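Observations on the model geometry
As a plain string of letters, each chain reads:
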Amino acid sequence: MIKGKFIVLEGIEGSGKTLACKIILKTLHQHNIKNVKLVKEPGSTYLGEKIRKIIKNYNNDQDLHHNAELLLFHAARIQLVESIIKPCLNKGIWIISDRYQLSSFAYQGGGDNIPSKKIKNLKNMFLKKINPDITFYLDVLPETGLKRAFQRKKLDRIEKKSMKFFEKVRNTYLSIISKEKNIIKIDANQKKILVRNSIKNELFTWLKNN
Ligand code: TYD
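Described in the following lines is the structure provided in the data block. Keep in mind it's a predicted model, so treat the numbers as computed, not measured.

Moving on, we come to the site of the ligand. Every one of the 18 residues lining the ligand counts as a neighbour, but Glu13, Lys17, Lys56, Arg77 and Gln108 are closest to it. Within the side chain of Glu13, a nitrogen or oxygen atom sits 2.8 Å from an oxygen atom of the ligand. Between Ser104 and the ligand, the recorded distance is 2.9 Å, taken from a side-chain N or O atom to an oxygen atom. Against a free-state accessible area of 560 Å², the protein chains account for coverage of 94% of the ligand. Of all the secondary structure elements, the ones that give two or more residues to the shell around the ligand are α2 (46-57), α3 (66-90) and α4 (101-111). At 4 residues, α4 tops the list of elements feeding residues into the shell around the ligand. For the shell around the ligand, the per-class residue count stands at 3 nonpolar, 3 polar and 12 charged.

As structure tokens, then:
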């Protein structure tokens, strides 16, 4: 049985990941790749959805410690990998995931200053074998992205963090993608139609070569 491919979308708030997931799904269908599952992090499992609520709505005099938050994201990720991603890939089902490990490096590592060594250790301990075949990083300026997110809905705990935080997150994404292979950067500051076209074109090229 040929394994499914693992496609990941990354970017800060308002970068258009949700729309990008739909574009990728549609493009795969046009390529006759019909066995595809969409997932979201944190979430998409019973545990992951509970953790998503805790992280987004956390509001207590005792601040949520950065390390505890890092582990919560990892608990959600491990559950998703073990109960959905691994079994699907093994059955030949493709996965499109709205966020994955790179989010931890960017937000907890870059934004919250957790040393990347700690995050790497967690990855190596629990998620070593499951790596994306391709990641699309949607790059948007923090002020543009947050304005879009604000127009769309009430902001959650993370989205209310400072502009400085999101600048650090974006800079970490940019620094990692400049060193890693298998990550395609899309300029998500452009109009939707242009973003859509570049995602489709990049995906076409990647599918031809893989
Ligand atoms: P997201 O689902 O993109 O937000 P929404 O659908 O509400 O627009 O992301 C959830 C939030 O969790 C987002 O602020 C980024 C954050 N996050 C981390 O900080 N670290 C992680 O490892 C992951 C997966 C998400």
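From this point, the discussion proceeds with the structure in view.
It is worth spelling out the state of the cysteines at this point. Scanning all chains against the criterion turns up 0 disulfides. Cys21 takes part in no disulfide bond, and the closest cysteine sulfur, belonging to Cys88, lies 15 Å away.

On to helix α8 (residues 192-209), then. The terminal C-alpha atoms of α8, which comprises 18 residues, lie 26 Å apart, in line with the 26 Å expected from a rise of 1.5 Å per residue. Residues of α8 that are buried: Val195, Ile199, Leu203, Trp206 and Leu207. When α8 is viewed along its axis, its buried side chains cluster within an angular range of 100 degrees and face the same direction. Facing away from the buried side of α8 by over 90 degrees, the exposed positions are Lys208 and Asn209. Where α8 is buried, its residues contact β1 (6-10), α1 (17-30), β3 (94-98), β4 (134-139) and β5 (183-187).

We now examine the sheet that holds strand β2 (residues 36-40). If you walk across this open sheet you meet the 5 strands as β2-β3-β1-β4-β5, and the pairing is parallel. Sheet topology places β2 and β5 at the edges, where each strand pairs with a single neighbour. With strand direction ignored, the average angle separating the axes of adjacent strands in the sheet is 20 degrees. Where β4 meets β5, 5 bridges bridge the pair, whose relative direction is parallel. Among the inter-strand pairings, Thr135 is bridged to a residue of β5, identified as Ile183. Docked against the sheet, α8 engages β1, β3, β4 and β5, running at close to 160 degrees with respect to β5.

The rules behind the values
- Numbering of residues begins from 1 in every chain and follows the order in which that chain's sequence is written.
- Given that the model is predicted, a residue must reach a pLDDT of at least 70 before its local features are reported, and side-chain atom pairs must reach 80 or more before they are shown or counted; all residues, however, enter totals for whole chains, interfaces and linings.
- Side-chain metrics rest on all non-hydrogen atoms present in the structure, leaving aside hydrogens and water.
- Put simply, a residue is near a molecule or strand once any heavy atom of it comes within 4 Å of that molecule or strand.
- Side-chain atoms alone can form a polar contact between residues adjacent in sequence; in general such a contact is a pair of N or O atoms within 3.5 Å, and within protein one must be able to donate a hydrogen while the other accepts it.
- Computed with a 1.4 Å probe, the accessible areas rest on the Shrake-Rupley method; for each residue, only the protein chains presented here act as cover.
- A run of DSSP states H or I qualifies as a helix once it reaches four residues; a run of E qualifies as a strand once it reaches two. Both are numbered from the N-terminal end.
- Put simply, Ala, Val, Leu, Ile, Met, Phe, Trp, Tyr, Cys and Pro go in the nonpolar bin, Asp, Glu, Lys and Arg in the charged bin, and everything else, Gly too, in the polar bin.
- Pairs of cysteine sulfur atoms within 2.5 Å are what we label disulfides.
- In a helix, the anticipated span is given by 1.5 Å times the number of residues less one.
- Think of it in three bands: residues with accessible area under 20% of the maximum for their type are buried, residues over 50% are exposed, and the middle band is partly exposed, with areas taken using a 1.4 Å probe on protein chains only.
- Directions are taken from the helix axis to each C-beta atom, and the arc is the one they span.
- Contacts are residue-level and defined by heavy atoms, with any inter-residue pair within 4.5 Å sufficient.
- Following DSSP output, two strands are said to pair if at least two bridges run between them.
- Whenever a helix is involved, its axis is fitted only over the stretch in contact; in every case the axis is a line through C-alpha atoms, and angles between N-to-C directions fall within 0 to 180 degrees.

Geometric descriptors of this kind do not, in isolation, establish any biological role.
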